[in-house]
Structure formats: structure tokens, C-alpha cells
Amino acid sequence: MMLTFILRRVAQGLLTLAIAGTAVFLLIRVIPGDPAQMLVGDVGDPAMVAATRASLGLDRPLPEQWLLFASDLANGDLGTSIMTGQQVREVIMQAFPVTASVVLLATAIAALIGIPAGMWAAWRQGRAADYLLVGITSVLLSVPTFWSGLIVLVIFSVKLGWLPALGYVPLGEDLRAGLIALIMPVGVLVLAELATLARMMRSSTLEVLRLDYITSAQARGVAPWAVLLRHVFRNAFAPTMTTLGLMLGHLLGGVVVIEKIFGLPGIGRLLVDSIVQRDYPIVQGCLLFVAFIFVIVNLIVDLLYAALDPRVRV
Amino acid sequence: MRGFKLGMAGTGGALLLGFMVLLTLAGLVVMPHDPIALDFTQRLAAPSAAHWLGTDQFGRDVLSRVMLGGRGSLLVASLTVLLTVAIGLPFGALVAYVGGWFERLSMTVLDALLAFPSLLIALGIMAVIGPSTSGVVMALTIAYTPGVVRVTRSVALSLRETGFVQASEVLGWSTAHVVCRHVIPNCIAPIAVMGASLFAAALLAESALSFLGVGLPPPAPTWGGMLADGRPFLSEASWLSLFPGLAIAVSLLGCNLLGDALRDRLDPRMRSAGGST
Amino acid sequence: MFMWGCLCFAGPGGAAANAEPILRVALASDLRSTNPGINRDSVTDWVMTHVVEGLVATNAELAPAPMLAESWSVSDDGREYTFRLRPDVKFQNGATLRAAHVVWSWRRMLDPQTRWPCRSWYDGNGDSGVRIDAIQAVDEHTVRFRLREPDPLFLYRLADVQCHVAIIHPESLDANGNWRWPIGTGPYRLKEWRRGRYVELERFDGYSLAAQPASGFAGRKEAFVRNVRLVVIPDASSAKLAVLSGEIDIWPLTAAEALPELRRDSHVDLLQEASRDWSVLLMQNRSGVMSNPALRAAIASALDPELISQSTMHASRPLRPYGVPAEEIAPDILARIPPAYQPQRTQELLRQAGYKGELIEIDVSRETGSYFNDAIVVHALLVRAGINARVRSMDWATQFKRYLGHEYQLSLFGYTGRATGPMMYSVFVCDPVKRVNCVVHTPRALAIMGELNTSSPQRWPVLMGELEMEIAHDRSIIGLYAPLRITTVRRSVVGYETWALGMPRFWGVRVDAPGQTTAVAKRLARVSAASGQGTWP
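Residues numbered from 1 in each chain as written. Chains lettered and ligands numbered in written order. Predicted model: local features only at pLDDT ≥ 70, side-chain atom pairs only at ≥ 80, totals over all residues. Heavy atoms only, no water.

**Here we look at the overall build of chain A**
Step number 1: Along the backbone of chain A there are 13 helices and zero strands.
Step number 2: Along the chain direction, N to C, the helices and strands of chain A fall in the order α-α-α-α-α-α-α-α-α-α-α-α-α.
Step number 3: Counting only C-alpha atoms and orienting by the principal axes, one finds that chain A spans roughly 85 × 60 × 35 Å.
Step number 4: Looking at chain A alone, contacts between residues at least 24 apart form 72% of all its contacts between residues at least 6 apart.
Step number 5: Entry remark: accessible area of chain A is about 13200 Å², with carbon and sulfur atoms responsible for 70%.
Step number 6: Distance between charge centroids for chain A: 16 Å, based on 21 positive and 19 negative side chains. (Helix = DSSP H or I, 4+ residues; strand = E, 2+ residues; numbered from the N terminus. Contact = heavy atoms within 4.5 Å. Areas by Shrake-Rupley, 256 points an atom, 1.4 Å probe, with all protein chains shown as cover. Lys, Arg positive; Asp, Glu negative; His and termini not counted. Charge placed at Lys NZ, Arg CZ, Asp CG, Glu CD.)

Structure (C-alpha cells):
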């Protein structure tokens, strides 16, 4: 039953989130460093630090803090930032669209290029086109994004002056300016994703190509493109889709390096900055949100997978 | 078993990776200069006869540092892969074989870990245990193990349905015996392939951690750390980024080619379906 | 102050040629909050000085100067300060400044509920500072502070940047007393804060100019540019590219690594000066091997400050062995202070200390590039001297915790410069019973510090000299250098100056509009220029 399958997956997802939330709650408190000290600064007044810690509720025993966190969470309250006093929900809702617009655009483009390229390379296995793809993707996989990002910035922003080096503009505010500001970060991310997707698609296509019915279809003289499109794609895409889902789930949790280089106020930068500042509520809220997105994306992927391959449901 | 042929690409991959390993090993015996000694008279010197790959902003020889850096980078990457597989493989097999509540609980916990981007997990763990080789390895291992467990489990699950494992159950063999003798050996092929990409991922992740400021502490360099440190000097001393970057690229290319070849060779489904070559 | 190139005033057309140019400034990190003094860091401090003002402000000579108070008088016993407010000062919501606003702002800061980190300066509980017994409005334009005892530093404290009491309008808070938005009297009002993206300041047209010429944070702060946009750019390489491509007009706190490329560019000027900040190596003196003073002396003797000051390439930072610039200390005492660096004595000192190869770790945070470079040099020097040293890099929150908990062995650290010597020294010379961040706390040091805190400025040079002598004996703090503050300014910006405290100020600054409107032409020019420079590998 499709419904039972969905319900079971949702319940599993909620359990995953509960564990993830607790893990995050503990991890951030194990990291040395004290948010109250960070907030007060280098004044050295122990009474002030103690008062600040008390006002943040950080002086209470851990189980009590956890219960507070959990009960607030159950009421849909993620708490407020220690450093800025802003609602965590609000902070996440400002940062997430930034990351989402970069990641979704880049993933769509990478899939549109990478999947056909991977299939084509598999079809031409052992020929020049295949070697070219394997070579290019290997190089792409070896270049860290913090490096390709910088090179792209130097070329397009400083040398050519075509694109702005910084200045994120929300797409909802000004579509044209927003898109222009996204070109470079999206481009760099596409390069990184493209290689993974193309290689995945190539190898899963290779597996499918060796199956009997494909060989027989070829033997019957079905045109190559028809074989690829009708028979190969459907079967080869399923494992790639899982990869795509995992990748999307993780990228939506923040593309820290790209956000830092291009000055994007996304969720990855928010997280790293909050870890550095020991802003517990933001780290907790953000990571929980990131896990939530991951669970959702993978739920959707699993459902799609089930739709593509009915055997999975059993 | 037929002869273990890797094909042209695979051999090329092995050669590339072998070269980088050799270069690193050579560093154990001899290095052109002291990779840690500072020489302020030779700062940012371009590649020359004295310094084949130039010097960095402290006047340290880049070639010697690339050789020394390989130690850190390759060590981190290979230890990460080894540990990840050493933990993930038996655990994944066990989970699949034992099943039931144990399986459901373990997978939920692992899914929770998997739900966070690995770089962020690594960042958090590094902050707890401090930057050191073991710290990076531990952080990356924790970040990557759930993936390996998942893959092993799915392979093992498919094996559980096949006849011989069921037969062994009928024979009354212990769980440990079945897992060690039958489940794990069959998982080796897909894991070997995964290992190659994990190796690559670990090399890059270490580099990204350096960029974010939580990489390995000096003076022992890593390629990723050198790449991150060379970034401000991109326009005036490109060799600072170029050579460690090349070292990473060559290792990764070797690794990827080798991984592809391994998959083509080892994957049992491929062997049966593809037949010859 | 050093200056490369020139500030070119010959911009075509002048400032008013185009419709309201905007000044764009790079911020390495976002504001901590909009609540001045309460939730702050250095960036928040200097951004907020454009929005809010206090009774007095630090001038270019680092002395307290009139700001909202146009004059003041001190009673004969030194316990009563009466400030006369400048008439016609308007808040940014249109209200006129009254003495009651000053009293309200001060009471709010001194209220324990507000949790102002510097409250101990004025409540009598601190190891320095004075208790304020009363603050009262004498009339609409006169405020009187009554102190428990005379305090020669009182006015300096009022002018301090880190512990500034801003006079704000009560509407800055909401009905429940929570912080809303700063309504101050400054030349700019805080127009917009898009977290993680930018802060925008807008000229406050109702600003009432002080009569004295602009000096430091004080005087005639005339805003010319209508809008100042402070763009958050966390990555230094990106900030460099943004200033080169003309998207940013001013880059305060330029990273030294960017200097060679910026020097080659004809569109920018570089302003460089040594700040009052102090980069030091802290040495543990309470526990472990480092509590042995002989070992501290041995380590100090191996550290060549010259080399460490050169750890950052392209920028030579002046040596600063002392907490304040040497000119401020009595020269006859300075001449008698033994230098820390004596490489010929290191081995002998190590033997005396009984050092047997124990591991010594150097704490450093990677968040600021130059400390990390310093750590590499310090490590190399210690290893060369035969000391088993290791760099322990960590993030700032961890280093800060280890610093406050005295868990470090060696720690590369920096102190923000204070306007006066006593205020600078009292940051690290203090009684560990009262404060947790004390580094130097020998009985003699504490005695001199107590005297320094209650003496008139004429006595400071001698007392600071004696204090430095004691610090040299104790060797738990090694002064390294004065960090440079480098500012990159595009030539379209006119009138931007740096000063002794090094914090950016945007009043008095104009922007040549053509510099921004002809961006395309400029970019074309740069492409042709760059192709001839061969900067691209």
C-alpha cells in the first residue's frame, strides 16, 4: 500500500529528526567555548558572565535545557539567537531561500547537462567521447570550489567586468539583478555537481546497457537514441536519482564555501558563523532545519523511486 | 580467477596515484630543502634551479612542502577510507543480517547522522577534539561511515535473499560466521569502488576544512592546506596554489580512474553481465 | 602615518555633479546588534559611532573632547562633574535633546537589568573605576554627575569607545523596555540592516554640527554623502576583488596579503598606519611548566620580535615591546628595561629553568590571518632554540575560553588599543580575585597599577615605566608589534582619513559620482591595463 509506505516513512523521518536534534543539542555543548563569555567580551567580570549565562538559561542542568528545547520545539518555537536576539525561525527563513535558489538552479542545470552527457559517454564507452568525459569530470572533481570560485571571480568580475563580485539580491526583490548575482555561484556549483552526476549516470547506464533486453533491442535494429530514451533512461535514472536526492539534500543544508566566497547570506554561512560564535539556538535550529530538509527531499526521492520501480513498495 | 587486468585507464590511474605516493615516500628519505625552516630572504621566489617549484610567503621550499604535504593528505585520506570501511562494512553487514529492531534502530541513528552535510559534521567534531591528524580522520570517518553502512546493508540485504546464506542458516552456522565468511566478501567489490570516491572526497574535505580555518595545524602542511593558504597570493605567486592543486588533481584523477577500473573488474553483476574483455 | 600615492582631488565635476552618490564600504563581519555598548564588537562600535553620540568623544589627540556636552566643570574636590549640553541638538526622530535624556540613557546603562559589560567601571565594584553616586538634571541643558571619590580618568572613561554610553531617545526601546532600533543624535541614522548582507546609513539632515573642527570621533562631523552602505564581505580575497572592480569604495582593515596587487592598481590608494592595538604572546604563569619564570625568560630570549613582526609579507609592522607606544613612557626608565630577546642566552636560561623537552603548545586562532602567520614564525624560532613547541590552532571562541580560563601555555593574542595608558594596562594588569582575564598580577604590578588608576596624567609616564619594568621581570606577556591598519580607498573617494584609533569615519567624506557612473568605461580601461600587467598567471 502506497499510504502505509508513506506513513511509515514519515514516522521514520520524525524519529530521525528527534535523534538528529538531540545529537546537535549535545554536540554544540561539547565544543569548548561559552556563549556568555563571547557575548560579554574581554571584560573579565565573572559576575557579569554568570548573570548572562543565567539569563540565557545556560546555567541549568543539561536535561532541563534539553526539555526546554524540546518543548519549545514542539510548540514550533526554535528559540532566539544568543548573539542578536533575533527569532531563529526568522533567521532561517532569511537564509534558506538564498541557499535554495543557488542549489536548485545549479542542480537543475547540472542534471540537464550531466545526465545526457553520462548516458552518451556510456553509449560510446571506450571511445574518445567517453575518455573525454571521464577526463573532464576527473579534473572537475579535483578542483576545490574555494579555488574555482576565486578564479571565476577574477576572470568575470575583475578582468572582464561582466559580473558583480558580490551583492546578493533576492530574486523576489529584483529578478534580473538577482539572477545576475547568482550566475557565478551557480556556475561554480554546477561544475562540481555536473561531474558527480555525469559519472553516476555513466556507470548506471553501463550496467543497464549490458542487460539482455537492451542487447536484444539493439539486435532488433532499434535506433540508438530510441534505445537510450525508451529503455535505458528509465532504468539507469533510478540510482542516479538517489544520488541526486542525497546531493540535493546535503547542498540545501548549505554550500558554506561558495556562500563565503560570493558573500551570499545563506544557511551554510549562518551555520558556520553561529558555530564560531557558539550561538547555540541558531546552530540547533539551523541543523534541525537542515536535517528536516534532507529528510523531506529523500522522502520525495523515495516516493519517486517507488513510482518508477513498483517492486520497492513491497 | 582470471588475471587481474585494469585496462588502460585503470593502469594509468594506478600509475598516477603511484607516482604521488612515491613522491611522498621519497620525502621520507630525502627532500631538497627543509620544508619547515623559514628563510625570509627567499619569500615568494618563483620556481628556479634552487627551488624547482618556488617558495612560499615564509621562504619555505614548495617542492619539499608538497612532498611533506602528501604525507598528511594521503595519510588523512587513506586512514579515513580504511577506518570508514573497517567500521562501516562489518556493521552494515551485521545490521542487514540481524535485521529486526536492531536494524531499524541503527538505520534511524545513521540516517540522523547522514542528514547533516558531512563538512558541517566534520567542522563540529574538529571544534570539539581540536585540529590534528587524528581529529580530521575521526571527523571525516564519522561523517562518511553512515554512507558505507547504507551501501553494505543494501548489498547484504540482496545477498540475504539468495540461496547460500539461507542455506547456511539451515546448517546452523553462527551469525558471526555467516557475516564474516559470506556477507562481507560479497560486499567488497562495491565498497572498493566506494572507497576510491571516499578517498577523493576526504582529500577535498580536508582542503575545505583548511579553507574554513580548521585544517591541520602547522608546521606540517597538507596539500589542501597549502592550496587554501596560497589563495591570497593567486596573482603574484600562482605556484603556491598550482602545485599542491596539481598534486590533489593528479591523485584524484588516479584515484577516480582506478576506482572506475576496479568497479568494471570487481562488480560481480558486471562480470556476469559483461562477460569477457 | 604612511601614505602611498596621493589622494587625488582633481575629480571631474566634483561631488554634487551626479544625483546622490553612495559610499560603499566593505565590512569583514556583520554587526553584532544595533544596541550600542550592550551587544557589541569592534565593527559594531565604529558603525554605531555614526549613529549615536555621548557627552564627550575621543579626539585625534586621544583626549576627551566636547560632543553632546559643549563644556563642563569639575568641582574643587574632583567629585562633581557638571556638563552643559549643546543647545538645539536633535534626535533622529525630531525630538530635542534635553538633560533628562542624558539621565535616562545613563540610568538605563547602569541598571543591572541592562547587563552592560562595562558597568563595573561606574558601580564601584570594579578593580578600577569609580562609583557614580548620582546623576541628575540640573536644568534642561545641564547634567551633574556626583562621584564617590575623585577619578582623574573619569572623562577618559566617558570618551572610551568600547565602553561608550550613547545618549539615545527612549523610543529606541519598545513599551516593554526591549531594544528596538537606535534613535541617536549622530550625523547618520541607521536606515536599514539586512543581516548578512549590508547595513545602510542615511544622512541625518537635522544633525546639529558642533563648533570645533572635526577631530577623531569629536568635533564638526559633517556628512556629505547621503547614503553609506556597509557591505558584509567575509572573505578577504573577495573583498580585494570587489575593491579592484569598483564595487566597493573603501576597504577598512585591508588584508596585508592583498597589498601587492592593490599597489599595482591605479584606481586605489592605500592608507597605512600603526594602530594602538597591541599584539602579544601571552605566557602561562599560574600552572604547569610555564609557571617557571626562568622558562618564560628562556622562551622570550629566543623570540626575535623583528622576524615575528615581518611574518606578514608586504607589510612591516612596527615593533611594540610595551603596552603603549614608547614615547608615552618615561625614557630614563625605558633605557633600564632589559630586552626580552637575547638569543645568546637562550641555552643558558633553558638549563637554568631545568627544561627537559616538555611539549609547549602555542594557542592561535586562524580567524585573523596575521596571528596565524606569527604562530608559524614563533614555532620556527622555538624549534630552532631546541624547544619542543607545537602550534595548536583553534577557533576564536575556544582560544578565548582557554585565555579566560588560563588553560593556555603560550597564546598569540591581541589587545585593542585604548586611548590612555592606564586604561590599556588595566586590561591585563589586575587582581585575579576580582577579574578572570588578568595576566600580570604580581604584588608590585598591582601596586603600581592602583597608583596609575588614581594619578593625574603627569604621573603616567613614570608609573608606566615602572610597570613595564615589572612586566619585564614577570615575562608573562611579551609585546610583539603594533598591528597595521591598512585601508584601501578608491580614488573616487575624497576626504577619507585615518587617525590614531584607526576606526573608520565617513563624515567629511565625498564621493566623485563619475567614479561610479562610468563603471563600464572603467572596466574596459582596466582590461587593457591588466593585459599589460601580466598579473594573471
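There is more to say after this.
**Section: the pairing of strand E13 (residues 268-274) of chain C**
Residues and elements named next belong to chain C.
Step number 1: When you tally the buried positions in E13, you get six out of seven residues, the bulk of the element.
Step number 2: Note that E13 and strand E19 (residues 484-490) share seven bridges and pair antiparallel. Bridge pairing in E19 links Asp269 to Val489. (Buried < 20%, exposed > 50% of the residue type's maximum accessible area, 1.4 Å probe, protein only. Pairing = 2+ DSSP bridges.)

**A few points about the packing of helix H6 (residues 293-302) of chain C against helix H9 (residues 346-353) of chain C**
Residue and element names in this part refer to chain C.
Step number 1: At a minimum axis separation of 8 Å, H6 and H9 run at an interaxial angle of 165°. Our classification of the angle between H6 and H9 gives roughly antiparallel. For the crossing formed where H6 meets H9, the hand is left-handed. When H6 is examined against H9, the residues Ala294, Leu295, Ala297, Ala298, Ser301 and Ala302 are found in contact with a partner set consisting of Thr346, Leu349, Leu350 and Ala353. (Axes fitted to C-alpha atoms, helices over the stretch in contact; angles between N-to-C directions. Parallel < 35°, antiparallel > 145°, perpendicular 65-115°, else oblique. Left-handed = near helix turned anticlockwise from the far one by under 90°.)

**A look at the packing of helix H2 (residues 62-98) of chain B against helix H8 (residues 223-230) of chain B**
All names here are of chain B.
Step number 1: The N-to-C vectors of H2 and H8 enclose an angle of 130°; their axes lie 7 Å apart at closest approach. For the element pair H2 / H8, the angle class is oblique. Residues Val62, Arg65, Val66, Gly69, Gly70, Ser73 and Leu74 of H2 touch H8, and the partners they reach there are Trp223, Gly224 and Met226.
Step number 2: A per-class count over the contact of H2 with H8 returns five nonpolar, four polar and one charged. (Nonpolar A, V, L, I, M, F, W, Y, C, P; charged D, E, K, R; others polar.)

**Observations concerning the interface of chain A and chain B**
Step number 1: Taken together, the contacts link 42 residues of chain A with 41 residues of chain B.
Step number 2: Contact between chain A and chain B buries roughly 3700 Å² in total, counting both sides, with carbon and sulfur atoms accounting for 75%.
Step number 3: Among the residues of chain A in contact with chain B, Phe146(A), Trp147(A) and Arg210(A) are the three that bury the most area, contributing 17% of the side total.
Step number 4: Inspection of the region where chain A meets chain B yields zero salt bridges.
Step number 5: Inspection of the region where chain A meets chain B yields two residue pairs in polar contact (both at pLDDT 80 or more).
Step number 6: Secondary-structure elements contributing two or more residues to the side of chain A that touches chain B are helix H1 (2-30), helix H6 (128-142), helix H7 (145-159), helix H8 (175-209), helix H10 (224-251), helix H11 (256-261), helix H12 (267-277) and helix H13 (280-308) of chain A.
Step number 7: With eight residues, H1(A) is the single largest residue contributor to the side of chain A that touches chain B. (Buried area = accessible area lost by both parts, 1.4 Å probe. Salt bridge = Lys/Arg side-chain N within 4 Å of Asp/Glu carboxyl O. Polar contact = N/O pair within 3.5 Å; in protein donor to acceptor, adjacent residues only side chain to side chain.)

**Points about the domain arrangement of chain C**
Residue and element names in this part refer to chain C.
Step number 1: Considered domain by domain, chain C is made up of domain 1 (15-25 + 188-275 + 485-531), domain 2 (51-172) and domain 3 (278-481).
Step number 2: Once you take the C-alpha centre of each, domain 2 and domain 3 turn out to be 34 Å apart.
Step number 3: Regarding the contact of domain 2 and domain 3, the summed buried area is about 1200 Å², with carbon and sulfur atoms giving 61% of it.
Step number 4: On the domain 2 side of the interface with domain 3, the three residues burying the most area are Asp127, Pro152 and Leu153, jointly 44% of the side's total.
Step number 5: Connecting domain 2 to domain 3 are one salt bridge.
Step number 6: Note that Arg435 and Asp127 form a salt bridge whose closest N and O atoms lie 3.2 Å from each other.
Step number 7: At the junction of domain 2 with domain 3, the criterion picks out one residue pair in polar contact (both at pLDDT 80 or more).
Step number 8: Partitioning the side of domain 2 that touches domain 3 into residue classes produces five nonpolar, four polar and four charged. (Domains from an automatic or database assignment.)

**Brief notes about unusual backbone geometry**
Residue and element names in this part refer to chain C.
Step number 1: Phi is positive for Asp88, close to 65°, though the residue is something other than glycine.
Step number 2: Examined against the element boundaries, Asp88 turns out to sit in the loop between strand E6 (80-85) and helix H2 (99-110).
Step number 3: Residue class for Asp88 comes out exposed when judged on its relative accessible area of 57%.
Step number 4: Residue Arg475 is not a glycine yet carries a positive backbone phi of 50°.
Step number 5: With respect to the secondary-structure elements, Arg475 resides in the loop between helix H14 (460-474) and strand E18 (477-481).

**Digging into H14(C)**
Three- or four-residue spacings in an α-helix give side chains the same orientation, since the helix completes a turn every 3.6 residues.
All names here are of chain C.
Step number 1: For H14, which comprises 15 residues, the first-to-last C-alpha distance of 21 Å matches the rise-based estimate of 21 Å (1.5 Å per residue) to within 8%.
Step number 2: Counting buried positions along H14 yields eleven of 15 residues, so the element is predominantly enclosed.
Step number 3: When we look at burial in H14, the residues that qualify are Trp460, Leu463, Met464, Gly465, Leu467, Glu468, Met469, Glu470, Ile471, Ala472 and Asp474.
Step number 4: In the core, the buried residues of H14 are packed alongside helix H3 (154-159), H6, helix H8 (331-334), helix H12 (421-428), helix H13 (443-453) and E18.
Step number 5: Positioned one or two residues after H14, Arg475 has a phi angle of 50°, which is positive. (Expected span 1.5 Å × (residues − 1).)

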